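Topology and contacts: notes
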Amino acid sequence: MDEHKENIHAEDVNVKMSNTREEVGVSTEAKPCSRICPAGEPDPQGSPPQSNSDFSHPVYKEIALANGHINRMSKDELRIKLAELHLDTRGVKDVMKKRLKSHYKKQKLMQSAAEGGPTDTYYHYICVVDFEATCEEDNPSDFHHEIIEFPMVLINTHTLEIVDSFQEYVKPELNPQLSDFCVKLTGITQKMVDEADPFPDVLQRVVAWLQERELGTKYKYAILTDGAWDMSKFLNIQCRLSRIRYPQFAKKWINIRKSYGNFYKVCVFNSSVKSVVLLYYSRLVEVM
């Protein structure tokens, strides 16, 4: 579906994000869910964390000293040090500096966390979303894509492990008959969508799923997607077609493709770079 998302990205559908501020998402009275923190595993929130804005802790001085040393290293010295640490040695000097700084920062903060000091993890969980939608081989300009699968996986940012998942098919209403191209591209059959519920019902269960896990209340979390299409295009169009408000939980998300490109200063639409990003993303959604 990723390649097809790029093809439809160029279509002018004149769809803009809803300006509504009504919250559809998270209840402040959600019940605890044992599936997030099974017995015997530590609570990722634990005791109230020290504010990340408090840089008086000695660990931040150590990180600053390491960054200063890295800034004074030559390109050859950076490459040698990265090789010693079994890290990627490719890229321009600034990219190698960032890579080495990131490694030492993560190392220092993990050591600090083990000793009860501050951490640098802003979110407790990342919720990866990857919609599938109706499509044609040559989408006409007025074609409206309807979501036919709503899959999510929940990743614990402290352990980087998948701790939960949600997946449901969705019955399209505007174009209920899937094209042969869509079936082949997504692997979703006509029988799957015929037996599914319409989008508003599925979205209600998504919201309940988030509430039960106390995401957005007790635990901080973020939605993550590969590109902007899932949220700004597919979900936005679907909410308009279903005549429901755009959900509050989806108003902000992490675009992993954009984040990767900004960090490494590369164009992610370059085929070789895109393959690296998609490989990383596919590892996050391999259970979908």
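Treat the numbers as computed from the prediction; the structure is a model and nothing was measured.

All right, on to the pairing of strand β5 (residues 221-225) then. Burial runs high along β5: five of the five residues are buried. Across the two faces of β5 the burial is the same, with Tyr221, Ile223 and Thr225 and Ala222 and Leu224 all buried. Inspection of the sheet shows strand β1 (residues 125-129) paired to β5 by four bridges, in the parallel sense. Looking across to β5, one finds that Ile126 is bridged to Ala222. Relative to strand β6 (residues 254-255), β5 is paired through two bridges, and the arrangement is parallel. The residue bridging Thr225 from the neighbouring strand is Asn255, located in β6.

Using the criterion set out here, one finds zero disulfides in the structure. Residue Cys182 stays outside any disulfide, its sulfur separated by 3.8 Å from that of Cys135, the closest cysteine.

A separate point is the packing of aromatic side chains. Scanning the model with the defined rule gives five aromatic pairs in all. Each ring, one from Tyr125 and one from Tyr219, has its centre 5.5 Å from the other, and the planes form 90°; the classification is edge-to-face. With Tyr125 in strand β1 and Tyr219 in the loop between α7 (199-212) and β5, this pair connects stretches of sequence that are 94 residues apart. Residue Tyr125 shares its accessibility class with Tyr219, and that shared class is buried. Seen in terms of ring centroids, Phe131 and Phe150 are 4.7 Å apart; in terms of plane orientation they differ by 90°. Their pairing is edge-to-face. Of the two residues, Phe131 sits in the loop between β1 and β2 (132-133) while Phe150 sits in strand β3 (residues 147-156), which places them 19 residues apart along the sequence. We classify Phe131 as buried; its relative accessible area is 0%. Phe150 sits in the buried class, given a relative accessible area of 1%. Here a set of aromatic residues connected by ring pairs shows up, and it is made of Phe131, Phe150, Phe166, Phe199 and Trp209.

A few words on the confidence of the model for the protein chain. Note: predicted coordinates in regions of low pLDDT should not be interpreted at a detailed level. In this model, the protein chain carries a mean pLDDT of 78, and residues with pLDDT of at least 70 account for 70%. For the stretch residues 6-54, pLDDT sits under 50, and the model shows 90 contacts to residues farther than four places along the chain or on other chains.

Reading the values: rules and limits
Residues numbered from 1 in each chain as written. Predicted model: local features only at pLDDT ≥ 70, side-chain atom pairs only at ≥ 80, totals over all residues. Heavy atoms only, no water. Buried < 20%, exposed > 50% of the residue type's maximum accessible area, 1.4 Å probe, protein only. Helix = DSSP H or I, 4+ residues; strand = E, 2+ residues; numbered from the N terminus. Pairing = 2+ DSSP bridges. Disulfide = S-S within 2.5 Å. Phe/Tyr/Trp six-rings, centres within 6.5 Å; stacked < 30°, edge-to-face > 60°. pLDDT = per-residue confidence, 0-100. Contact = heavy atoms within 4.5 Å.

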